[in-house]
Structures are given as C-alpha cells and as structure tokens.
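Tertiary structure, described
If you want the building blocks of each chain, they are given just below.
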Amino acid sequence: MSDTTHDGALATSKPPSADAGLSPAELARKYGLSVSGARPGLGDYMRQIWGRRHFIMEFSRAKLAAQYSQAKLGQVWQVATPLLNALVYYLIFALILNADRGMAKGVYIPFLVIGIFVFTFTQSSLMAGVRAIPGNLGLVRALHFPRASLPISFSMQQLGQLLYSMIVVFITVMAFGNFPRLSWLLVIPTLVLQFAFNTGLAMIFARMGSKTPDLAQLMPFVTRTWMYASGVMFSISTMLQGKPAWISDVLQWNPAAIYMDLIRFALIDNYGAENLPPHVWLFAVGWAVVIGLGGFVYFWKAEERYGRG
C-alpha cells in the first residue's frame, strides 16, 4: 500500500499486524508463552520432583554432613544430644517425679530412649520445614526448581540422622534384655509411615514459615507442649488412670504417640499390645496419608509465591 506526500515523494504504510487488538493473555496463548515461575499442574509437579531426586538426596546428605562440622566431636552429637536428654529426663521424671510407675527399670529406660529418639525425628523435621524457605532464599530466588524439594530434602536429612541413631537404640534395648525377634521388623513400616507424616508436616509448616518467618521462634514452645502430651517420658494410659477415657484416647491417637508406641511395641519384649490404642495401625496409616498428601498439595498450591517477598 502506498501514498504520495505533498512534495511528491512516495510513502509506504505498513499493513496492519495480525496481532493487533489481541490482549496479552491472547498473545501468550497464540505463541505458547507461559508466566515465568507459574505453578505447574500437580502431576507435572510430581514428575519435576522425581526428576530432581538426585539433587534432593545429595542436598540432604550435604546438610547432614555439615550439621555438626564445626564441633570437635562432629557426628557424635547426633547420638549424644538425645542420649543426654534421656539422662536428664530419667533423673527428673523417673527418680524425682516417679513417672515410670508400673514399669520395671529394664522396660522404662528403653521406653524413654525410644521415645526421645523417635519424637526428635518428628520435632526436627517440623523445625527444618519451618526454616526451609526463609533459610534458603538465595537458592530459591536464583534457581528454578520445585520448591517442595527443600522440605522433602530436610525430612530425608532427619531420617538419615535417626537411622544413624537407631544403632544406639538397638544397643540400649539389648542391654536391658530385649534381643532381636520378628517383631523388630515392624520398625521398618513404622518409620516409613512416620517419614511420610513428617514430610507432609514439614511442607505444611514450610508454606506457613515462608509467609511468617517469626513462626520459627514460636515452634519450640509448640513442640515442647506436643512432647509432654505424647507420652515421651511416661505411659499415657497409666498416668491418666481415673481420668475420662476420651482424654487418654485423644493423647494416644496423636501421631507422635502412635509412632513411638509402635516402635516400643516392636523392640521391647514386655511392652505388649495392651499399651497400644485400638486400631493403632489404621491410625498410623491414616496420619501418614492425610498429612503426607495433604501437606504436599497445600505446599504446591503456593508454589509461585515462594521467595517473592
């Protein structure tokens, strides 16, 4: 198309663009563009995490190795810290407060050690989840990867620490006359279920902690209350004798108590099924599925908001 100007020169005009009048959203659809950092579909997100599985494993190993790198005793503190806690709780709760009532010393000491190590697994996973995003903002803002990799990796770090510490748990229970038997195999499915629960819990608090970093300051009080309500240092059913039955049921059905009691049942000969709440395995699986899957979906829904201030 051409036209003549007032001085006789020939001017050409551009034909109207085929994109004229299209909105930004329509242009994006036309050329296959997507928003940078947009949340993928749930199935795609799971495939992305599986594709980053080597990163998740190596990141958790690196964090585990670096955890006590500045201490002279190094990884020994992985075991020494819960053992020292067990000693303190034994002095206070068994010798002073008589919390071991109804249990022989050969039962109570393994009971206490298992409770502390297993509860610490959940407690540490939760605390690591709260700090997963605020503590790694540089990584989150610099690289594109599924953010759920961080809380999953931190939960794996805590699992690795527990597995290392289980050597001490086994030595302790054998020192008090509890030797390997078939029931010890129940430790494996129990830890798998607890890991699924812990990972979901870590993702729930990772999302909450990304929005409210001060939550990390509050969580020690929450986890300490949870510890006292979970029967780490005492038998819930024994201590609550004479109280309404529903109180004991609620405390025994809380997930921390369930996973501790299942491992106690597996490893301690004289800790029988009468110490477990009814339908204990149903609750163990239910907590793992509900919190594990629910936490994953809850975290995924805020994927595009992490690290954006």
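The structure this text deals with has already been given above.
Residues numbered from 1 in each chain as written. Predicted model: local features only at pLDDT ≥ 70, side-chain atom pairs only at ≥ 80, totals over all residues. Heavy atoms only, no water.

1. Some details on the overall build of the protein
Along its length, the protein carries 13 helices and two strands. Sorting the 309 residues of the protein into buried and exposed places 44% on the buried side. For the protein, restricting intrachain contacts to residue pairs at least 6 apart in sequence, the fraction spanning at least 24 positions comes to 77%. Carbon and sulfur atoms make up 66% of the accessible area of the protein, which amounts to about 16500 Å² in all. (Helix = DSSP H or I, 4+ residues; strand = E, 2+ residues; numbered from the N terminus. Buried < 20%, exposed > 50% of the residue type's maximum accessible area, 1.4 Å probe, protein only. Contact = heavy atoms within 4.5 Å. Areas by Shrake-Rupley, 256 points an atom, 1.4 Å probe, with all protein chains shown as cover.)

2. Digging into the nonpolar core
With 63 residues, the main nonpolar core has Tyr-108, Ile-114, Leu-126, Phe-205, Met-233 and Leu-267 as its most contacted residues. Counting only elements with at least two residues in this core, the list comes to α4 (77-96), α5 (105-130), α7 (149-175), α8 (187-211), α9 (215-229), α12 (255-267) and α13 (280-300). Here this core gets 15 residues from one element, more than from any other, and that element is α5. Once residues lying within four places of it in the same chain are set aside, the contact partners of Leu-126 are Leu-201, Phe-205, Met-219, Thr-223 and Trp-226. (Core = buried A, V, L, I, M, F, W, Y, C linked by side-chain atoms within 4.5 Å.)

3. Concerning the pattern of salt bridges
Summed over the entire model, instances satisfying the criterion amount to four salt bridges. A salt bridge links Arg-47 to Asp-44, with the shortest nitrogen-to-oxygen separation between them at 2.4 Å. One end of the pair is Arg-47 and the other is Asp-44, both in helix α2 (residues 42-51) and three residues apart, which spans about a single turn. Arg-264 serves as the salt-bridge partner of Asp-261, at 3.0 Å between the closest nitrogen and oxygen. Of this pair, Asp-261 and Arg-264 both sit in helix α12, three residues apart, which is roughly one turn of the helix. Asp-261 sits in the buried class, given a relative accessible area of 5%. (Salt bridge = Lys/Arg side-chain N within 4 Å of Asp/Glu carboxyl O.)

4. A few points about a nonpolar patch on the surface
Among the surface-exposed residues, Leu-84, Leu-87, Val-88, Leu-91, Ile-92, Leu-95, Ile-96 and Leu-97 lie close enough to one another that they form a single nonpolar patch of about 750 Å² accessible area. Residue placement: Leu-91 occurs in helix α4. (Patch = residues over 30% accessible without salt bridge, like charges linked within 9 Å, V, L, I, M, F, W, Y side chains within 5 Å.)

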